[in-house]
Protein chains: 2
Amino acid sequence: MKQLPATASVNTQVLTALRAAVISGELVPGNLYSVQVLATQLGVSRTPVREALIKLAQQGMVRFERNRGVRVLLTSLHDLEEVFALRLLLEPPAVRRAVGRLEPAQLKELRRTFVQMERAAKADDEFTMFEHDRRFHRALLEAAGNTRLAAYVDGLRDMVLRRGVSTARESRSLDDIVAEHRTILDLVEAGDADAAAKAMREHVQHTAELLIAQEAGSGPVDVDLAWTEGVMRTH
Amino acid sequence: MKQLPATASVNTQVLTALRAAVISGELVPGNLYSVQVLATQLGVSRTPVREALIKLAQQGMVRFERNRGVRVLLTSLHDLEEVFALRLLLEPPAVRRAVGRLEPAQLKELRRTFVQMERAAKADDEFTMFEHDRRFHRALLEAAGNTRLAAYVDGLRDMVLRRGVSTARESRSLDDIVAEHRTILDLVEAGDADAAAKAMREHVQHTAELLIAQEAGSGPVDVDLAWTEGVMRTH
DNA sequence: CGGTGATGTGTCGCATGCCACTCTCGGAGA
DNA sequence: TCTCCGAGAGTGGCATGCGACACATCACCG
């Protein structure tokens with residue numbers, strides 16, 4: 001675990017470091033860790049470490065076990081299913097609403113983020129690419145005007161990242177991911193809300209299928225995300 | 001603030017007590033409170049109080065202000081809009097999925113909860129009614145098989161409760177609320193997934209409109225929740 | 001040899017100490 | 001009377017003290 005940078009509040013730094021450690025797999029899912037040891041490694045006291053872990057626990061990344069330690073939770077197939085069901089329910093409608101609400105400056109910023117993502121993909125810089133991927137989604141969701149939605153989805157991504165970061169390349173190239181984002185971006189810029197939402201749905205669903213198939217291995221895939229598709233007609 | 005019961009972990013007790021205090025309005029939105037004082041009132045040390053407040057802060061109910069105290073956040077019109085947009089996006093699809101997945105025993109339990117809600121309404125016991133209301137929604141959402149969704153929506157309700165608990169009666173009677181739930185329950189029992197989902201959407205939307213109108217007072221109501229309506233047809 | 005109980009180590013949960021910072025309030029000076 | 005400033009009280013953030021409990025180890029007994 002790397003040492004902390006010098007700036008900013010200790011609590012925030014610790015939270016960032018621990019989250020990164022979990023995502024990167026440095027803190028192995030299923031294993032128990034002691035607050036004391038983590039604090040020593042980070043060069044701080046137990047308090048901020050414990051507080052950061054409480055936040056991660058609320059997010060579902062770890063779990064405290066009394067007098068035993070804190071366990072990094074592993075994401076089961078069912079966890080993936082839950083996360084992607086939520087993303088499918090939230091992201092497409094949010095994108096639909098974001099179209100037309102995006103200021104020109106935001107649109108430009110969005111494209112800038114996309115270009116950076118594209119560049120990272122070309123450079124085979126997986127980590128940087130996922131950073132921009134995240135910013136892309138976040139910017140789009142925030143434009144929908146619902147900060148809670150944006151923040152929640154952003155948190156959900158953490159649960160998937162530690163699956164995706166190390167293994168996505170095996171199943172699909174970074175270029176494919178970029179292409180899906182390009183489609184979304186183009187439709188957003190064209191102002192076609194429904195098509196953009198549909199593209200987002202397909203993108204998320206595609207990601208879900210690949211991750212779930214990979215996680216399930218050769219076993220039977222018992223996953224149903226179809227119910228997340230909007231079919232209501234109230235008028 | 002009432003003294004703590006004797007049982008269970010201190011942290012949990014404190015969390016429950018603080019959440020109840022915020023919802024009941026005992027801790028006034030907009031005001032600053034000191035961890036030390038809260039701890040003394042609850043008869044515990046600062047640590048569990050601080051940890052509970054951290055959880056409430058993550059949920060958006062309070063905010064820490066360094067060297068000043070912890071502020072109970074007030075829910076603005078926009079907050080209500082955000083919360084109900086999320087509920088409209090999540091609850092109807094979840095209900096649609098819950099139908100047909102509910103075991104007979106769960107169905108029976110759901111009806112039992114409804115009957116208790118009805119009884120509390122008859123007795124004009126507002127608080128108990130909202131307790132059962134919450135359990136009703138929670139049971140339905142959990143039946144959809146997505147624990148994260150259920151937990152998240154449950155958390156969202158806290159943001160609204162401290163508006164609704166004291167004021168709902170001014171705008172609509174408890175019986176009306178019960179009637180909407182009866183509609184949902186009947187459709188769920190009849191196995192009509194789409195209709196149940198539609199009923200849930202209308203229930204949530206109705207609640208949103210009343211709370212938002214009441215919050216806005218006579219001022220202009222600039223709220224748009226229509227975008228949460230599912231209109232996708234991907235095939 | 002197998003089972004069992006004591007003991008030691010490590011852990012969290014909770015209490016407390018300490019520090020830098022913010023805000024208040026009163027008094028001195030114009 | 002008004003302004004300014006400084007001392008004091010109060011706060012959250014972080015560090016640390018302490019006790020009860022979980023688990024592993026190992027000696028001892030059947």
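What you see is a predicted model, and the numbers here were worked out from it, not measured in a lab.

Overview of the sheet that holds strand β2 (residues 62-65) of chain A
Residues and elements named next belong to chain A.
Point 1. The strand order β1-β3-β2 describes an open sheet built from 3 strands, whose pairing is antiparallel. In this open sheet, the two strands that pair with only one neighbour each are β1 (32-33) and β2.
Point 2. Direction of pairing for β2 relative to strand β3 (residues 69-72): antiparallel, over a ladder of 4 bridges. Bridging from a neighbouring strand, R63 pairs with R71 of β3.
Point 3. Helix α3 (residues 46-59) contacts β2 and β3 of the sheet and is inclined by roughly 120° relative to β2.

Focus: helix α2 (residues 35-42) of chain A
Residue and element names in this part refer to chain A.
Point 1. Among the residues of α2, those classed as buried are V35, L38, A39 and L42. Taken end-on, α2 shows its buried residues confined to a sector of 100°, consistent with a single buried face.
Point 2. Buried residues along α2 sit in contact with α1 (10-24), β1, α3 and β2.
Point 3. Two to three positions downstream of the cap, the backbone nitrogen of Q36 sits 3.2 Å from a side-chain oxygen, assigning the N-cap of α2 to S34.
Point 4. Phi turns positive, to about 75°, at G43, one or two residues after α2.

Details of the interface of chain A and chain B
Point 1. With 41 residues of chain A at the contact, the number on the chain B side is 41 residues.
Point 2. When the two sides are added together, the surface that chain A and chain B hide from each other amounts to roughly 4000 Å², 54% of it contributed by carbon and sulfur.
Point 3. For the pair chain A and chain B, the number of links is 8 salt bridges.
Point 4. Note that A:D79 and B:R148 form a salt bridge whose closest N and O atoms lie 3.0 Å from each other.
Point 5. Here chain A is connected to chain B by 12 residue pairs in polar contact (both at pLDDT 80 or more).
Point 6. Mapped onto the side of chain A that touches chain B, the elements with two or more residues apiece are α3, α4 (77-98), α7 (147-171) and α9 (193-216) of chain A.
Point 7. Residue contributions to the side of chain A that touches chain B peak at 14 residues, all from α4(A).
Point 8. Class assignment of the residues belonging to the side of chain A that touches chain B gives a composition of 17 nonpolar, 9 polar and 15 charged.

What counts, and where the lines are drawn
- Residues numbered from 1 in each chain as written.
- Chains lettered and ligands numbered in written order.
- Predicted model: local features only at pLDDT ≥ 70, side-chain atom pairs only at ≥ 80, totals over all residues.
- Heavy atoms only, no water.
- Pairing = 2+ DSSP bridges.
- Helix = DSSP H or I, 4+ residues; strand = E, 2+ residues; numbered from the N terminus.
- Contact = heavy atoms within 4.5 Å.
- Axes fitted to C-alpha atoms, helices over the stretch in contact; angles between N-to-C directions.
- Buried < 20%, exposed > 50% of the residue type's maximum accessible area, 1.4 Å probe, protein only.
- Arc of directions from axis to C-beta.
- Polar contact = N/O pair within 3.5 Å; in protein donor to acceptor, adjacent residues only side chain to side chain.
- Buried area = accessible area lost by both parts, 1.4 Å probe.
- Salt bridge = Lys/Arg side-chain N within 4 Å of Asp/Glu carboxyl O.
- Nonpolar A, V, L, I, M, F, W, Y, C, P; charged D, E, K, R; others polar.

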